[in-house]
Structures are given as C-alpha cells and as structure tokens.
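What follows is the residue order along each chain.
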Amino acid sequence: MIEVKPNEAVPQEYSAKHLFSASHPGFEGHFPGFPLLPAVSQIDLVKDLIELCLKDRVRCRSLRNVKFKAMLRPDTEVTIKLQFLDEESVRWTLSHEKLIFSSGIFTFSRENKPIL
C-alpha cells in the first residue's frame, strides 16, 4: 500500500513514493532486454493515488499536457506529486530526484464508490 502524504504548507498538494521493482507486471514484454515502464502504468499509478486522496473511485475523462520525458527503468523509486487544481483535475509529476519521468493534467469524474 502506498502512503499519500498531504503537503502541510499547501492543502491541495500531496506526494507519495513508490518503488517500481523489476517484478512489476508493466515491465513484462516492454521491452525484452531493455525493460521500460509503459506510460499506461504511470497513468494508472496517478489514478490510484487520486483515489487514495479522495477515498473514492474515479474515472479518467481526459489527459492534457501529458509529457513523458525520460525512460523509467526497473528498481527505480519515484516521487509522485499531485496538485488538485479543482474538484475534477489534478496536475501530476512523477520524478526521481531532479529527473522528471512524466507530468500532465488528469481530469476525472468521481464514481461515488468509497474505497474501504
């Protein structure tokens, strides 16, 4: 389970750390001999963290300003920063130290199915 921590100084911001181990299923077949984490796995992590923050299931409506800037390799610990722009949009950055792997704006609708 990933722990999402609120930013004490900015209430609408959260961060979490996650290790993408070599056994993560996203690396299988993407690509043999040079495994990279697919974009969909990065976006899925963002969705999961939004759900943890809201304690509710969400459905992706759109992705905007999405950039994949670096290759995410196995056994990399990433920091995910979420900034809620409004009740339906989150800006994310997925990085390791100063290296940014991906960023963008995730727009969603709530499904009103609480996470237990």
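Check the entry above for the structure.
Given the structure is predicted, the values throughout are model-derived calculations rather than measurements. (Residues numbered from 1 in each chain as written. Predicted model: local features only at pLDDT ≥ 70, side-chain atom pairs only at ≥ 80, totals over all residues. Heavy atoms only, no water.)

With that out of the way, let us pick up the packing of aromatic side chains. We describe a pair of aromatic rings using the distance from one ring centre to the other and the angle between the two ring planes. Counted by the stated rule, this structure contains two aromatic pairs. Measuring from centroid to centroid gives 5.8 Å for Y14 and F84, while their planes differ by 75°, and the two rings are edge-to-face. In this pair, Y14 sits in strand β2 (residues 13-20) while F84 sits in strand β4 (residues 76-86), placing the two residues 70 residues apart along the sequence. Look at Y14 and you get partly exposed, because its relative accessible area is 22%. (Phe/Tyr/Trp six-rings, centres within 6.5 Å; stacked < 30°, edge-to-face > 60°. Helix = DSSP H or I, 4+ residues; strand = E, 2+ residues; numbered from the N terminus. Buried < 20%, exposed > 50% of the residue type's maximum accessible area, 1.4 Å probe, protein only.)

Time to look at the state of the cysteines. Applying the stated rule across the entire model yields zero disulfides. Not engaged in a disulfide, the cysteine C53 finds its nearest cysteine sulfur in C60; these two sulfurs lie 16 Å apart. (Disulfide = S-S within 2.5 Å.)

With that settled, the discussion passes to unusual backbone geometry. Each neighbour pair has its own omega, and for H30 with F31 the value is 10°, a cis peptide bond. On the secondary structure map, F31 appears in the loop between β2 and α1 (39-54). Phi angles above zero are rare outside glycine, and K55 is one such case at about 55°. Along the polypeptide, K55 turns up in the loop between α1 and β3 (56-68). Residue K55 is classed as exposed on the basis of its relative accessible area, which comes to 58%. In this structure, D75 is a non-glycine residue whose phi angle is positive, near 60°. Along the chain, D75 falls in the loop between β3 and β4.

For the rest of this paragraph, the subject is the sheet that holds strand β1 (residues 5-6). An order of β1-β2-β4-β5-β6-β3 is seen for the six strands of this open sheet, with the pairing classed as antiparallel. Two strands close off the open sheet at either side, each with one partner strand: β1 and β3. Alignment of β1 against β2, held across two bridges, turns out to be antiparallel. Across the sheet, K5 pairs through a bridge with S15, a residue of β2. (Pairing = 2+ DSSP bridges.)

Any link to function would need more than the numbers given here.
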